[in-house]
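Residues per chain, in single letters:
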Amino acid sequence: MDQNNSISCSSSQMLSDPTCTDPYCFFCTMDEPDLSLRRAKMVQCFKEMTLRDDQEHVLVLSRLWNIAMTQPDDPEFPSLGIFECMGKLIDRGIKDKAWLLRGQNIYIPYYAAHIIGSYTMYKAEFAENAVISGVVLPLMELLRGKITWVEQRVAVRALGHLASHERTFEVIAEREEEIMELAMDLASNCLKTIYTKFIRVKDSKRLKYHCDLLTRGLGEREIENTRAEEWARQLQCWSLYLLNCFACKGRSLSLVCKKHFLKDLCSMWGGLGNRTSPGGIGLIRSLCNTKIGRESIANLEPVILSLCTTSSSSDYWQYMAIDSLLLLLKDRHTRYSVIDIAAPFLADLVELRSLNERTEIGEAITQTLLQDYNKIKYGGLSLKSQSAEEALREIWELKVERRKREELISDQELKERKDLARILKQEGNKKFWAGYFEQAVTKYTKALDLCPLKMRKERTVLYSNRAQCHLLLRKSEAAIRDTTRALSLSSSERPHRKSLWRRSQAYDMKGMAKESLMDCLMFVNGRIKSEQTKNVKIPYYAAHMINKQMNCTWIFAGVKSKSKLEEKANKSNRDDAGDQRGVLGMRTILE
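Computed from a predicted structure; not experimentally measured. (Residues numbered from 1 in each chain as written. Predicted model: local features only at pLDDT ≥ 70, side-chain atom pairs only at ≥ 80, totals over all residues. Heavy atoms only, no water.)

1. Remarks on the packing of aromatic side chains
Counted according to the given criterion, the structure contains 23 aromatic pairs. Seen from their ring centres, Tyr-195 and Phe-556 are 5.7 Å apart, and the 40° between their planes marks the pair as tilted. Residue Tyr-195 is found in helix H12 (residues 176-199), and its partner Phe-556 is found in the loop between helix H31 (540-552) and helix H32 (564-586); the two are separated by 361 residues along the sequence. Grouping residues by exposure puts Tyr-195 and Phe-556 together as buried. In this structure an aromatic cluster arises from ring pairing among Trp-65, Tyr-110, Tyr-111, Trp-149, Phe-198 and Trp-231. Its guanidinium or amino end placed over the ring of Trp-238, Arg-157 lies 5.6 Å from that ring's centre, counting from NZ or CZ. A cation sits over an aromatic face here: Lys-249 above Phe-169, 4.9 Å from the ring centre. (Phe/Tyr/Trp six-rings, centres within 6.5 Å; stacked < 30°, edge-to-face > 60°. Helix = DSSP H or I, 4+ residues; strand = E, 2+ residues; numbered from the N terminus. Buried < 20%, exposed > 50% of the residue type's maximum accessible area, 1.4 Å probe, protein only. Lys NZ or Arg CZ within 6 Å of the ring centre and 35° of its normal.)

2. Topic: empty space enclosed by the protein
Inspection of every chain in the model, using the stated rule, returns three cavities of 30 Å³ or more. Computed from the structure, the largest cavity encloses a volume of approximately 110 Å³. Taken together, 15 residues make up the lining of the largest cavity; nearest its centre are Cys-266, Met-268, Trp-269, Ile-281 and Lys-514. For the lining of the largest cavity, the elements supplying multiple residues, two or more each, are helix H17 (279-288) and helix H19 (301-311). (1 Å grid on protein atoms, 1.4 Å probe; cavity = no way out; pocket = protein on both sides within 12 Å on 5 of 7 lines; lining within 4 Å. Points joined across faces, edges and corners; volume = space filled by probe spheres on them.)

3. Some details on helix H7 (residues 108-119)
Taking 1.5 Å per residue, twelve residues should reach 16 Å; H7 reaches 17 Å between its end C-alpha atoms and fits that length. For H7, the full list of buried residues reads Ile-108, Pro-109, Tyr-110, Tyr-111, Ala-112, Ala-113, His-114, Ile-115, Ile-116, Gly-117, Ser-118 and Tyr-119. (Expected span 1.5 Å × (residues − 1).)

4. Some details on the packing of helix H13 (residues 208-215) against helix H14 (residues 221-247)
When two helices pack together, their arrangement is captured by the angle between the axes and the distance separating the axes. At a minimum axis distance of 9 Å, the contact between H13 and H14 shows a crossing angle of 80°. As judged from the angle between their axes, H13 and H14 are roughly perpendicular. On the side of H13, the interface is formed by Cys-211, Leu-213, Leu-214 and Thr-215, while H14 contributes Ile-223, Glu-224, Arg-227, Ala-228 and Trp-231. (Axes fitted to C-alpha atoms, helices over the stretch in contact; angles between N-to-C directions. Parallel < 35°, antiparallel > 145°, perpendicular 65-115°, else oblique. Contact = heavy atoms within 4.5 Å.)

5. Overview of the confidence of the model for the protein
Taken over all residues, the pLDDT of the protein has a mean of 89, while the share at 70 or more is 90%. Mean pLDDT in the protein bottoms out at helix H1 (residues 3-16), which sits at 38, and peaks at helix H9 (residues 136-143), which reaches 98. This stretch, residues 1-16, has a pLDDT under 50; its non-local contacts, to residues over four places away or in other chains, come to 33 contacts. Here residues 576-587 scores under 50 on pLDDT; set against residues more than four positions off or in separate chains, the count is 21 contacts. (pLDDT = per-residue confidence, 0-100.)

Written out as structure tokens, the structure reads:
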């Protein structure tokens, strides 16, 4: 059923039908030219709607849903009793199953909750009106799963908007513990629920109204599945948003900071279709702003590693991961539980200038990491990890000692070092093309030691070329570090494209699909922006990588049970891809 078309036809028929004598007809009321009379009639329409058993209700609610989605700030309907009407309709659907299953009434609770959520999204006064009108209890019933996951999706959205306003937060917080537990359960298990109850279900056994809501009546399985994937991500993201409303206020931290849930958060990625949602990383950052949150997270190595990986990636929320790590490192109670893991990752970011409109990110990282370096340097303090101590020594040498030395050298010496670095780079290129990759690495390293710090473009190329050698030597960790340093030196608005592609390959080599995908998409995006022609072709190797990683990062990949045959096929694909990496790498010309 295409409900938008149905509404249009139905309303036009009513308006053109002179025999319509229903004094509470919504569509006739909408056409009333007298504003004061229209408002009075609309108030009565909302009151009568909850009392009458009319199969036109679903058409009315679908129309109201359209209006609420496109005009969420319009005060007309919120001032005329729409919230009380929607709450009562949800309540009736939950309590009167016979009514719910009659005709098209099954759609009504979904639309009613969606309307509440849309009108309370931005306006605090609308949210306050909704709470006073009694919408919280009906929404809670939907959140408890009294109907299906489809209604849970819009209920958690509406409750999240109500919890986001200062005026209405405390009303939602009266049911704090239950809301937190339900939202945590939804965030952790909604993907499995939707996969098992919809994606995996045969066409003939899928709930028809779910299919109609997902496709707006188009009814094609592929569209249904695509939309179900989108709704699954939204359900997870809106559950996290609701949790974040409490975490930002330091509420229910002992519930959220359970080990298994914190580990789950790391995999709750907003996805390509939800760039406005920070996903699990956003909730982690909110927790890092609290003492309990920091202490809980600092003791979980998988969470710290996830933050470190995101901090060195092209993820939309890279800055949130960096913020979280800096908060943990600035707290003396959590610093030394985190620094051993974080220092080697953050060392690659110390020359990062700006990120997401934030400036001097690299300097903030440097100051945080080196705040007590003198204790390590002079033997008063030692870290558990030798690699972490080495990373701090490297940062000190790069950002303090070398900076001081280069401030004192003459212009002539600076020019000589620049020329020598260029010669070493050319020698490194010759070694590379001759197939002597380890010797090429040595040349590029010497060139980096000589190249003045202020020559950022030249150093970007040297790091990137050295990373290409590491790739061909199958040293993925070293390739990731060098490409990350190259990208830190380049502009965040125009990142070094070859480094993005090389890091995408390195992440792929390590089986890190999401990170590889994000780098590859950034690489392709950079190529498109740099080309003057309209018909820009995506390189076949990049298209192959995107396709591969999109399959690996499919939202239901983690919950789908794979057969042994599928596992063997996946292993074979990985092996085949590994055999091709060297060829793809050689085709990326050095600079």
